[in-house]
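# Summary of the model geometry
Chain residues, written in single-letter form:
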Amino acid sequence: SFAGFPDVCHDNSTVYNDIKTWMLWLKNTTNAGFSSWRWDYVKGFSPDIVRRLNADTSPTFSVGEYWDANTGTLDWWANAANSSVFDFALYYTLRDICNNTSGGGYLPNVFDYSKSFAAKNPWRAVTFVANHDTDEIYRDKMMAYAFILTYQGYPCIFWKDYYDYGLATGGGACSGWGNGIKQLVWCREKLGGGGPQIEILKSNDGDVIIYGSRGYSTSSPGYIVVINDNPTQWKGAWVQTGNSYLKNKTLKAYAWSSTVSGQNYQPQNKYCDGNGWVEVWAAPRGYAVYSVDGL
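Residues numbered from 1 in each chain as written. Predicted model: local features only at pLDDT ≥ 70, side-chain atom pairs only at ≥ 80, totals over all residues. Heavy atoms only, no water.

So, about the overall build of the chain. Along the chain, the regular secondary structure elements total 8 helices and 13 strands. Over its C-alpha trace the chain gives a radius of gyration of 21 Å, about what one expects of a compact globule, namely 19 Å for 295 residues. Seen through its principal axes, the chain has C-alpha atoms that stretch 65 × 40 × 35 Å. When each of the 295 residues of the chain is scored for burial, the buried share is 51%. Summarising the internal contacts of the chain: among those between residues at least 6 apart in sequence, 65% fall at separations of at least 24. Roughly 13,400 Å² of accessible area belongs to the chain as shown, and the carbon and sulfur atoms make up 50% of that amount. If the 24 positive side-chain charges of the chain are averaged to one point and the 26 negative ones to another, these points end up 6 Å apart. (Helix = DSSP H or I, 4+ residues; strand = E, 2+ residues; numbered from the N terminus. Rg over C-alpha atoms; globule rule 2.2 N^0.38 Å. Buried < 20%, exposed > 50% of the residue type's maximum accessible area, 1.4 Å probe, protein only. Contact = heavy atoms within 4.5 Å. Areas by Shrake-Rupley, 256 points an atom, 1.4 Å probe, with all protein chains shown as cover. Lys, Arg positive; Asp, Glu negative; His and termini not counted. Charge placed at Lys NZ, Arg CZ, Asp CG, Glu CD.)

Note on placement: W281 falls in strand β12 (residues 277-282). Separated by 43 residues in sequence, W281 and W238 place their C-alpha atoms 9.1 Å apart. When neighbours within four sequence positions are excluded, W281 is seen to be in contact with V226, W234, K235, G236, P267, K270, A288 and Y290. A polar atom in the side chain of W281 sits 3.3 Å from the side chain of E279. (Polar contact = N/O pair within 3.5 Å; in protein donor to acceptor, adjacent residues only side chain to side chain.)

Right, let's get into the packing of aromatic side chains. Considering all chains together, one arrives at 20 aromatic pairs under this definition. Look at Y66 and W76: their rings are 6.3 Å apart centre to centre, the planes differ by 80°, and that puts the pair in the edge-to-face class. Highlighted residues: Y66 in the loop between β2 (61-64) and α3 (71-81) and W76 in helix α3, separated in sequence by 10 residues. Assessed through its relative accessible area of 11%, Y66 is described here as buried. When its relative accessible area of 46% is taken as the criterion, W76 is described as partly exposed. On the numbers, 5.8 Å between centres and 85° between planes, the contact of F86 with F128 is edge-to-face. Taken together, the residues span a long stretch of sequence, with F86 in strand β3 (residues 84-86) and F128 in strand β4 (residues 125-128) at a distance of 42 residues. A relative accessible area of 9% means that F86 is categorised as buried. Cluster of aromatic residues (ring-pair linked, three or more members): W67, F86, F88, Y91, Y92 and F128. (Phe/Tyr/Trp six-rings, centres within 6.5 Å; stacked < 30°, edge-to-face > 60°.)

Here you go:
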């Protein structure tokens, strides 16, 4: 029972075939021309229905709205439905970190399999920062976007954030070259080859995490990301990357941000030696994405 609506027996052959016929009509390029499906409120019916309809309509991509923060449950549904699923676990983890402006959040939770489905099963996780139902991150939202757009999984951008709230270029005092969602998308596509392969470089400090994306080529060499939720201090560390495309190179911050007054400026270039050691930093309540200078 949900909101007084009647039950629909999707397994009934008439109902099932009507839905399949309609979905195939939607896929047809002479009609709507959709190629992928977003399944709403999938707690309301069996995952087997999603699996069967995906098999019968062959979408390019499929994602279900299983509103649950238990990563084990999300994994069960994704496998049973043969579909990706929205990562509500990571959403709530990021919400608690970003809204805690005192820096009391624990950043390494984003790598915890119990608090991030993207960490547990990146091939099935659709990560997000807000949507039409859950726009609850009201502080330092760009830290959350910096994470999902440089981490594994399939990131989803909220229309209002990009177009209405001005976060495409950072928003407010954080606007300009290097800031915003648009620049992070460029980093993922250009530097990360569209599919980051993650190596965790530092996760033992509650205020800062450092991780990297292994490169694919000299034109997509990967990157190193620093996210810092400390409210007042720049934070960073010496880390050692296994990414050969970054070694013996000067690294430049291609994306960065900070909501702390006077701190939203590009970090200095850093040299990564032949053994992969480099010192990288990010401003308070901000982030930085480093890669080979000159791209």
